Amino acid sequence: MPATAAVAPPPTAPEQLAARLSSGDSDESLLPTLREIKNQIIGNRTKKLLYLRLRAVPKIVALLSSSSSPSPVIVQAAAAVGSFACGVEDGVRAVLDAGAVPHLTVLLSHPDAKVVDSAARSLRIIFQSKLAPKYDFLLEENKTFLLSLLNSTNENITELAASIVAHSCEKPTEQTSLCDAGVVQKLVSLLGGSSNQRDTSLDAISAIVKNNPEVATKFVSISNGKAFNSLMGLMQDRYPRTRLLACVCLISIEQAFPVYFQEMQIKTKLILILLDLIEEAGRVGDEAPFVLKGLIGESEELHRQALSVTAAERLCGYLRKGKAVLEARRLEGILLVLAELGLKLEQSRAQLIELQVPSLIIDLLKHDCAQVRVAACHVIKNISRSLKHLCAGRFGSESIVMPLVQLLCDSSTSVQTAALDAICNVAVNLTTKKSVLLQSGGVSILCQLARSMHSEVRLKSVRALRNLMFLLDRKDKDLILTELTVSTLTILISDPDPLVQEQALALAGNFVDGSGVSTKFIFSEDISIIDAVSRQLKGECSPGMCIQGMFFLANMAAENESQKDAVMDCILPTSLDLSISHPNSFLVTFLQSKERLLRLSTLWCLINLVNPDQRNSFRVSALQGAGIISQLKTMVNDPCLDCKLRVRMVLERCLENRE
């Protein structure tokens, strides 16, 4: 007879399998049921969620604590629990809610080694989730438990111990306590073990030394530096994940104990290895750019070093080759590194522009992943900090502005705020080429967002309008304020958020800067911008708000007589008898401030009020009666040279007006 192939039986429906868990079947029946459930849910999110709805997890967890469950059933039950917790947060919640952790912990002392291994592996999976409970290592019993795990000869248990440390150790006091208890030395000894032991130990060491100079110092002195040298060696390990984790560990030590990293050679090697790791498949390649960003973050020295080893060219190369196929997580990381490189140095921004980074990321502003869109906005925001290229109008093109404007209507608030940050910088175009933003419908959307209930969106929208208003011609300024409305601006000046108030005052100051201000916007029977500004300046407000309010008044006072009179009414008491001293104007307080810009903005307001070309003797007398001239005489030797010059200018003009 010809040979025939065996046909596998069709999989049992999840509903049937879940029902068998509570049907009272024999152990012989439970074992294949658990095994089939486990096999069905491995790597299958949909099946996991289905079994969660069928309430399978509590039934499986119950088998872990049953005294009648034989070892093979417990092994399969523990493995199934770990599978439910792997990669699905809802699965982790279900496992935790069913009380799996204490049951699995008890099984670590089970006489059957297979049960111990299965429980340890499942616990390790659970403790990789942020939802897992954290051990308080300041409690002696928890520390004793951890050391017992680290002293085990079972590899799965020592890996679990390292995972618990990586997940739970956050407080400096805990870090120091574990270090003093010898935990770090135990973890260092595991670096010579299997690849899994190395990786979990590296994770744990990073957690213990992070932002803790005392622990980092002790680590580098272990065995006269042998522990540190082990990390250096692991940077060259054949396994990409081990190389990545060794880099993370070294970066944690460098940031906690920078004295030990005086040589640029180590940092350069870290940069190069991380750039190589971005090419690796899977999670390692996805996480490598984030680690690189953490290394070079906020450091001009490391920004220069990264540029010197062609980091920008290599990152752009990754984008050119694979931005259509790269995972969203990796794309986001690469973009954030490019944004970091454009943050500090003009030479970095120039190089990124030369590499055509703005053109490379235009498509990414429309990416399906919100985090990628946010990161692309960060790149534009930081590169557009370049005054040279901003003045040249390089960021005012329709190809860049239009996608940013479209993102203002994004469903994600984080994308909206990132786009607003980018537009804030692009809007400070010192050429007159702001037409794209003005004609793209962007102003209307910005004005709508300025009324948002979300304070951060409101703040950044007002800041963008402020920057757009800067040095704009009068016609376009009037157009913006007509769209925003005077009513909205006065509401924003009194916004509950002080930062919004400050930006609204600056927006008002930019509006009245220059000639030809229309009085219909400044004065009204019902709504008055100057009244709103006056109320803020006379109340309790931050120095930043006072500075912007005074620049608004200074710009107002630079115009015609009616505006000067309005400013005088704002800064002095309404019923001022010139024969009586009234030292209660807020200007005196501002002139006495330690804030240089507040003194300077107040002085500019006074300079514009007492212009000698006008008939200002009444104003000078009013200022004298309010105690302002007396205060100015005490400031002739102001420590700020700019303020010192303006004080003398005001006093000279006052003298000219009296003659």
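Below: a short report on this structure. The shown structure was predicted, so the numbers you read here are calculated from the model rather than taken from an experiment.

What about the overall build of the chain?
- Helix and strand content of the chain: 42 helices and 0 strands.
- Taken against the 2.2 N^0.38 rule, which gives 26 Å for 659 residues, the C-alpha radius of gyration of the chain at 34 Å runs more than 25% over that of a compact globule.
- The C-alpha extent of the chain, read off along each of the three principal axes, is 120 × 60 × 50 Å.
- Out of the 659 residues in the chain, the part that is buried amounts to 54%.
- Nonlocal contacts in the chain, meaning residues at least 24 apart in sequence, comprise 70% of its contacts between residues at least 6 apart.
- Looking at the chain as shown, the accessible area adds up to about 29300 Å², and 51% of this sits on carbon and sulfur atoms.
- Taking the average location of the 69 positive side-chain charges in the chain and that of its 68 negative ones, the two points are 3 Å from each other.

Remarks on the side chain of E340
- When you line up the elements, E340 lands in helix α21 (residues 328-341).
- Salt bridges are absent for the buried E340, whose nearest opposite-charge side chain, K293, sits at 4.1 Å.
- In this structure the side chain of E340 is engaged in a polar contact, spanning 3.0 Å, whose partner is the side chain of H303.
- In this view, E340 contacts K293, I296, G297, E298, H303 and N382; residues no more than four positions away in its chain are not counted.

A short note on the packing of aromatic side chains
- Evaluated as defined, the whole model comprises 8 aromatic pairs.
- Note on Y51 and F84: the rings are 6.4 Å apart at their centroids and 80° apart in plane angle, and the pair reads as edge-to-face. Linking Y51 in helix α3 (residues 45-53) with F84 in helix α5 (residues 71-85), this pair joins segments that are 33 residues apart in sequence. Considered together, Y51 and F84 belong to a single accessibility category, that of buried residues.
- With centroids separated by 5.9 Å and ring planes inclined at 35°, the aromatic side chains of F127 and Y135 adopt a geometry described as tilted.
- F127 sits in the buried class, given a relative accessible area of 3%.
- With a relative accessible area of 18%, Y135 lands in the buried category.
- Three or more aromatic residues joined by ring pairs form one cluster here, namely F127, Y135, F137 and F145.
- Positioned above the aromatic ring of F290, the side-chain terminus of R329 is 3.7 Å from the ring centre.

Details of the pattern of salt bridges
- Taken as a whole and assessed by the stated rule, the structure comprises 27 salt bridges.
- Put simply, R330 and D286 hold a salt bridge, and the shortest N to O gap is 2.9 Å. Of the two residues, R330 is situated in helix α21 and D286 in helix α18 (residues 282-296); the sequence distance between them amounts to 44 residues. Both residues of the pair, R330 and D286, belong to the buried class.
- Measuring nitrogen to oxygen at the nearest pair gives 2.8 Å for the salt bridge that ties R458 to D495.

Examining the packing of helix α37 (residues 561-571) against helix α39 (residues 596-609)
- Their axes nearest at 10 Å, the elements α37 and α39 cross at an angle of 135°. In terms of axis orientation, α37 runs oblique to α39. Of the two possible hands of crossing, α37 and α39 adopt the one that is left-handed. Across the interface between the two elements, K564, V567, M568 and I571 of α37 pack against C605, N608 and L609 of α39.
- For the contact of α37 with α39, a count of residues per class yields 5 nonpolar, 1 polar and 1 charged.

Observations concerning the environment of N382
- Assignment of secondary structure puts N382 in helix α24 (residues 370-383).
- Overall, the relative accessible area of 7% leaves N382 in the buried class.
- Contact partners of N382, with chain neighbours within four places excluded, come to A339, E340, G342, L343 and R349.
- Polar contacts involving the side chain of N382 include one to the main-chain carbonyl oxygen of A339, which spans 2.7 Å.

Thresholds applied
Residues numbered from 1 in each chain as written. Predicted model: local features only at pLDDT ≥ 70, side-chain atom pairs only at ≥ 80, totals over all residues. Heavy atoms only, no water. Helix = DSSP H or I, 4+ residues; strand = E, 2+ residues; numbered from the N terminus. Rg over C-alpha atoms; globule rule 2.2 N^0.38 Å. Buried < 20%, exposed > 50% of the residue type's maximum accessible area, 1.4 Å probe, protein only. Contact = heavy atoms within 4.5 Å. Areas by Shrake-Rupley, 256 points an atom, 1.4 Å probe, with all protein chains shown as cover. Lys, Arg positive; Asp, Glu negative; His and termini not counted. Charge placed at Lys NZ, Arg CZ, Asp CG, Glu CD. Salt bridge = Lys/Arg side-chain N within 4 Å of Asp/Glu carboxyl O. Polar contact = N/O pair within 3.5 Å; in protein donor to acceptor, adjacent residues only side chain to side chain. Phe/Tyr/Trp six-rings, centres within 6.5 Å; stacked < 30°, edge-to-face > 60°. Lys NZ or Arg CZ within 6 Å of the ring centre and 35° of its normal. Axes fitted to C-alpha atoms, helices over the stretch in contact; angles between N-to-C directions. Parallel < 35°, antiparallel > 145°, perpendicular 65-115°, else oblique. Left-handed = near helix turned anticlockwise from the far one by under 90°. Nonpolar A, V, L, I, M, F, W, Y, C, P; charged D, E, K, R; others polar.

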